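Structural description and commentary
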Amino acid sequence: MHDLVIRGGLLVDGTGAPPVEGDVAIDGEHITTVGGTAGPARREIDARGRVVAPGWVDIHTHYDGQVTWDPYLTPSSWHGVTTVVMGNCGVGFAPAKPDKHDWLIGLMEGVEDIPGTALAEGITWEWESFPEYLDALENMPRALDVAAQVPHGAVRAYVMGERGARNEAPTAEDIAGMAAIVRDGIAAGALGFTTSRTLLHRAIDGEPVPGTFATPDEMLGIGRVLGELGRGVHELASDLMPEDPELAWMEQLSRETGRPVTFACLQNDIDPAQWRRLLDAAARAATRGARLAPQIAARPTSLLIGLQSSIHPFSGHAAYQAIAHLPLAERVARLRDPEVRHAILEERVQHSNPIVAFISSAFHKLFPLGDPPDYEPAPEKSVAAMAQRAGTTPEEIAYDLLLQRDGRELLYLPLLNYSGFDFEPIREMLLHPQAVVGLADGGAHCGVICDASMPTFLLTHWVRDRRRGERLPLEHVVARQTRETARLYGLDDRGTLAPGMLADVNVIDLDGLAIVPPEMIFDLPAEGRRLVQRARGYQATVKRGQVIFEDGRPTGALPGRLVRGPQAAPAS
Ligand SMILES: [Zn+2]
């Protein structure tokens, strides 16, 4: 008698092999048989007509704070994710000197747009060192498995104090001190070391993340720890401008340590062909014994612009600022007043914030998102094109769109991965052997971005719905976010459906699978706001043999754990 049998589903096993029909039997935390007909079980899930796949392994999240108060890690858990890797891009909450808590919160608020008030109220700081942070996480019940990485920003500030925070150059002693902390963190179970090298990532006070300008000496001096220990991934977000010196130290680090380096790889409008050079460089590096894994996204990194978002095209207008403090319903009523509308639309503004300046002029890249959301809209669907057809200004169109759905409408502004107004570059990235799927950024950018639904989007759009170009095979996108993401991080105990593997399984109604329009909710500590996006069509998500979600609702089971270090494959 098995504990659980998932009966008669279409098994997409995570290896990339074509789907086959059959049963999955589970006993305790592990899968016991895959395929054929399994014997009786204490509990059965009827999966006829459903896809049965491994739980998604999402390697790029920012739940470092939320993980201390939210056992469910939504929105990722609503999307079939059963393992998350946190601590990306050099930001996190350990190590943390007691007098640096507010500073670390400001760093996270600035870089990842997570409300500082929510972090301040939510985090309880039972730790100072990174190993103590892991111990604290281990003691909290949770639905998913979580794994942490050591963030450069926190380490630099811990070791170098103000000099580190202000991005001053380290001494040899500083580098040794940082390496020692990273060594302790990895030895205690962190899965990697992460850093930010982009000017887009800044603390709330405007200072780039500590480590942004670190020289190869510092990167290699810390990175060699991964080689010494023979484990861990080096993750980074870099502007890669210019790219050659960046690629050179990454390749050197990977070759010297034998460890993978994964870096954010997205198409940008300034150099829209760079992504292809990066993928080529990773392929060349592979022939020289380096593992560079360009980390790619399933869709554009996009701003969601609405009256409740951090910014919108009129947020800098004085006539808007006069009513900006009002609750949404009152604000919408005022915005519908023809006099207010006229005043806001007439006002010409010199924007000091470059992002607001950009979104106030990028109407050719601003689109109604719609329901179901359309993430690959044709250029003629833009606000600018709508205005041209209507013989009016894009500002007027945008203004009226923002008032739809009682002021809750969100407009879609694809910032990255949409230079040519279609997904062909993304398709090429998704097919590239060196690339690895990530960048869903769960838990981050609460006020203006919500990409944590990417795991579901890989199935809805790439397998089923895409009309403006070729789609991708189901078994390919499943492997991309199960076995391949798990393997990069050495989590060889999960990511495929095979006997002995962890029983992390999704049962999916692929025909009914849908992502619904994103919405702003106020459920963080201190009523902090965040954009979330729900899914329909996950019939069941099983974690370590227990059903944690059924038809989108949590069952109350909390079988998740902190994952410490790489995990061995089951002995066959
Ligand atoms: Zn990130």
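Details of the structure are given in the entry above.
Cut-offs applied
Residues numbered from 1 in each chain as written. Predicted model: local features only at pLDDT ≥ 70, side-chain atom pairs only at ≥ 80, totals over all residues. Heavy atoms only, no water. Helix = DSSP H or I, 4+ residues; strand = E, 2+ residues; numbered from the N terminus. Rg over C-alpha atoms; globule rule 2.2 N^0.38 Å. Buried < 20%, exposed > 50% of the residue type's maximum accessible area, 1.4 Å probe, protein only. Contact = heavy atoms within 4.5 Å. Areas by Shrake-Rupley, 256 points an atom, 1.4 Å probe, with all protein chains shown as cover. Lys, Arg positive; Asp, Glu negative; His and termini not counted. Charge placed at Lys NZ, Arg CZ, Asp CG, Glu CD. Salt bridge = Lys/Arg side-chain N within 4 Å of Asp/Glu carboxyl O. 1 Å grid on protein atoms, 1.4 Å probe; cavity = no way out; pocket = protein on both sides within 12 Å on 5 of 7 lines; lining within 4 Å. Points joined across faces, edges and corners; volume = space filled by probe spheres on them. Nonpolar A, V, L, I, M, F, W, Y, C, P; charged D, E, K, R; others polar. Disulfide = S-S within 2.5 Å. Donors = N, O, S within 2.8 Å, 3.2 Å for Na, K, Ca; no water. Core = buried A, V, L, I, M, F, W, Y, C linked by side-chain atoms within 4.5 Å.

1. Examining the overall build of the protein
Per the secondary structure count, the protein includes 20 helices and 25 strands. Relative to a compact globule of 572 residues, whose C-alpha radius of gyration would be 25 Å, the protein shows 23 Å and is just as compact. Counting the 572 residues in the protein, one finds 61% classified as buried. Intrachain contacts of the protein at a sequence separation of at least 6 include 76% that bridge at least 24 residues. Just so you have it, the protein exposes about 20900 Å², and 52% of that area is on carbon and sulfur atoms. Each charge class in the protein was averaged separately, 53 positive and 76 negative side chains, and the resulting centres sit 3 Å apart.

2. Focus: the pattern of salt bridges
Close approach of charged atoms allows side chains with opposite charge to pair. Applying the stated criterion to the full structure yields 44 salt bridges. Note that Arg-50 is salt-bridged to Asp-509, the shortest N-O span being 3.7 Å. Taken together, the residues Arg-50 in the loop between β4 (41–46) and β5 (51–54) and Asp-509 in the loop between β18 (505–508) and β19 (514–515) connect sequence positions 459 residues apart. Here Arg-50 falls in the partly exposed class, since its relative accessible area comes to 25%. Of the charged contacts, one joins Asp-271 and Arg-277 as a salt bridge, the two residues approaching to 2.7 Å between their closest N and O atoms. Residue classification places Asp-271 among the partly exposed positions, given a relative accessible area of 23%. You can call Arg-277 partly exposed: its relative accessible area is 34%.

3. Things to note about the layout of surface pockets
Estimates place the volume of the largest pocket at around 1600 Å³. Around the largest pocket, the lining comprises 44 residues; the ones closest to its centre are Leu-200, His-201, Ile-355, Leu-415 and Leu-416. At the level of elements, α1 (101–112), β11 (233–238), α9 (274–287) and α13 (354–359) are the ones that each hand at least two residues to the lining of the largest pocket. For the lining of the largest pocket, the element with the highest residue contribution is α1, accounting for 4 residues. Space inside the second largest pocket adds up to approximately 320 Å³. Along its surface, the second largest pocket is lined by 19 residues, and Pro-372, Pro-373, Asp-374, His-461 and Asp-465 are the ones closest to its centre. The biggest single contributor to the lining of the second largest pocket is helix α18 (residues 454–465), with 5 residues. Considered class by class, the residues forming the lining of the second largest pocket number 8 nonpolar, 2 polar and 9 charged.

4. Here we look at the state of the cysteines
Taken as a whole and assessed by the stated rule, the structure comprises 0 disulfides. In this structure Cys-446 is a free cysteine whose sulfur lies 8.9 Å from that of Cys-450, the closest cysteine sulfur available.

5. What about the coordination of the zinc ion?
Ligation of the zinc ion by protein atoms is provided by His-60 (NE2), His-62 (NE2) and Cys-89 (SG), these donors lying 2.2 to 2.4 Å from the ion. Sequence positions of the donors to the zinc ion reduce to the motif H-x1-H-x26-C. Neither His-60 nor His-62 differs from the other in exposure class; each is buried.

6. Examining the nonpolar core
Formed by 127 residues in total, the largest nonpolar core has its most connected members in Phe-93, Trp-127, Tyr-133, Met-250, Phe-263, Leu-459 and Trp-462. If near-sequence neighbours (up to four positions away) are discounted, Phe-263 is found in contact with Leu-236, Leu-240, Leu-247, Met-250, Leu-278, Leu-292, Ala-293, Pro-294 and Gln-295. Counting residues in each nonpolar core, the second largest holds 31 residues, with Leu-307, Leu-335, Ile-359 and Leu-402 among its members.

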